[in-house]
Amino acid sequence: WTQPMRLSVRMRLLATSGVLLLAAFVVTALAIISLSSVNDQADRSYAQGTVAIKALGTVDTALGEKQAALNKSVFVGNTPNTQAQIDGVISADDIEINDALGEYGAIPHSDQESSDLAAFKSAQNLYQTAFGKALADAKTGAPTAAIEAIDAETILTQLVNSLDKL
């Protein structure tokens, strides 16, 4: 058997300080690694949030422009040149809406958000049907076009309100 080593007070203090210093270093290293992960998650969250807000804003704006084009179509009636310009605006808005919904659909969603997106697309189909009927009647100058445009706008209001859920 060997005699236990007898450390002086100075050596004991140095050993304790060394162990504490090593523990502090390990905790600091783990904190830095953890913060790096949190930073990456925050960047990813910010990027996805920005894409979502931009896409939904684009959808909202394009739907409003599309409805305004329908209202103008009802107002001008059967005027071929103006109707051609209106068709161009509506076509551009449809492309914008589809592109923005594609961007929004590409980001990860919760089950609730996916359900809300499906409900939005379903309501969008209802709006598109009402819109198409009103536009067709407006192009022929039918007197019912104004009422149909109001019906389409009512559906649009509900559609735009559902954007708040997304």
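One can find the structure itself at the top, above this paragraph.
Residues numbered from 1 in each chain as written. Predicted model: local features only at pLDDT ≥ 70, side-chain atom pairs only at ≥ 80, totals over all residues. Heavy atoms only, no water.

### A short note on the environment of Asp151
Here comes step 1: Relative to the helices and strands, Asp151 is located in helix 4 (residues 145–163).
Here comes step 2: Sequence-wise, Asp151 and Pro108 are 43 residues apart; in three dimensions their C-alpha atoms are separated by 34 Å. (Helix = DSSP H or I, 4+ residues; strand = E, 2+ residues; numbered from the N terminus.)

### Details of a nonpolar patch on the surface
Here comes step 1: Nonpolar side chains collect at one region of the surface, where Met5, Leu7, Met11 and Leu14 lie side by side and expose about 440 Å² of accessible area between them.
Here comes step 2: One can find Met11 in helix 1 (residues 9–76). (Patch = residues over 30% accessible without salt bridge, like charges linked within 9 Å, V, L, I, M, F, W, Y side chains within 5 Å. Areas by Shrake-Rupley, 256 points an atom, 1.4 Å probe, with all protein chains shown as cover. Salt bridge = Lys/Arg side-chain N within 4 Å of Asp/Glu carboxyl O.)

### Remarks on the packing of helix 1 against helix 2 (residues 80–106)
Here comes step 1: Running from N to C, helix 1 and helix 2 cross one another at 160°; their axes reach a closest spacing of 8 Å. Comparing the axis directions of helix 1 and helix 2 gives the class roughly antiparallel. For the element pair helix 1 and helix 2, the recorded crossing hand is left-handed.
Here comes step 2: Of the residues in the contact of helix 1 with helix 2, the class split is 16 nonpolar, four polar and eight charged. (Axes fitted to C-alpha atoms, helices over the stretch in contact; angles between N-to-C directions. Parallel < 35°, antiparallel > 145°, perpendicular 65-115°, else oblique. Left-handed = near helix turned anticlockwise from the far one by under 90°. Nonpolar A, V, L, I, M, F, W, Y, C, P; charged D, E, K, R; others polar.)

### Comments concerning the nonpolar core
Here comes step 1: One finds Val59, Leu63, Leu70, Tyr104, Phe120, Tyr127 and Leu166 to be the most contacted residues of the largest nonpolar core, which totals 28 residues.
Here comes step 2: Mapped by element, the contributors of at least two residues to this core are helix 1, helix 2, helix 3 (111–140) and helix 4.
Here comes step 3: Here the element with the most residues in this core is helix 1; it accounts for eight residues.
Here comes step 4: Every residue in contact with Tyr104, bar those within four places of it in the chain, is listed here: Ala52, Ala55, Leu56, His109, Leu117 and Leu166. (Core = buried A, V, L, I, M, F, W, Y, C linked by side-chain atoms within 4.5 Å. Buried < 20%, exposed > 50% of the residue type's maximum accessible area, 1.4 Å probe, protein only. Contact = heavy atoms within 4.5 Å.)

### Here's the deal with helix 4
Because the α-helix completes a turn every 3.6 residues, residues three or four places apart line up on one side.
Here comes step 1: Over its 19 residues, helix 4 runs 27 Å from end to end, which matches the ideal 27 Å to within 8%, given 1.5 Å per residue.
Here comes step 2: Among all positions in helix 4, only Ala145, Glu148, Ala149, Ala152, Leu156, Leu159 and Leu163 are buried. For helix 4, the angular spread of buried residues about the axis comes to 95°, placing them on one side. Every exposed residue of helix 4 that faces more than 90 degrees away from the buried side is listed here: Ile147, Ile150 and Gln158.
Here comes step 3: Those residues of helix 4 hidden inside the fold are in contact with helix 1 and helix 3. (Expected span 1.5 Å × (residues − 1). Arc of directions from axis to C-beta.)

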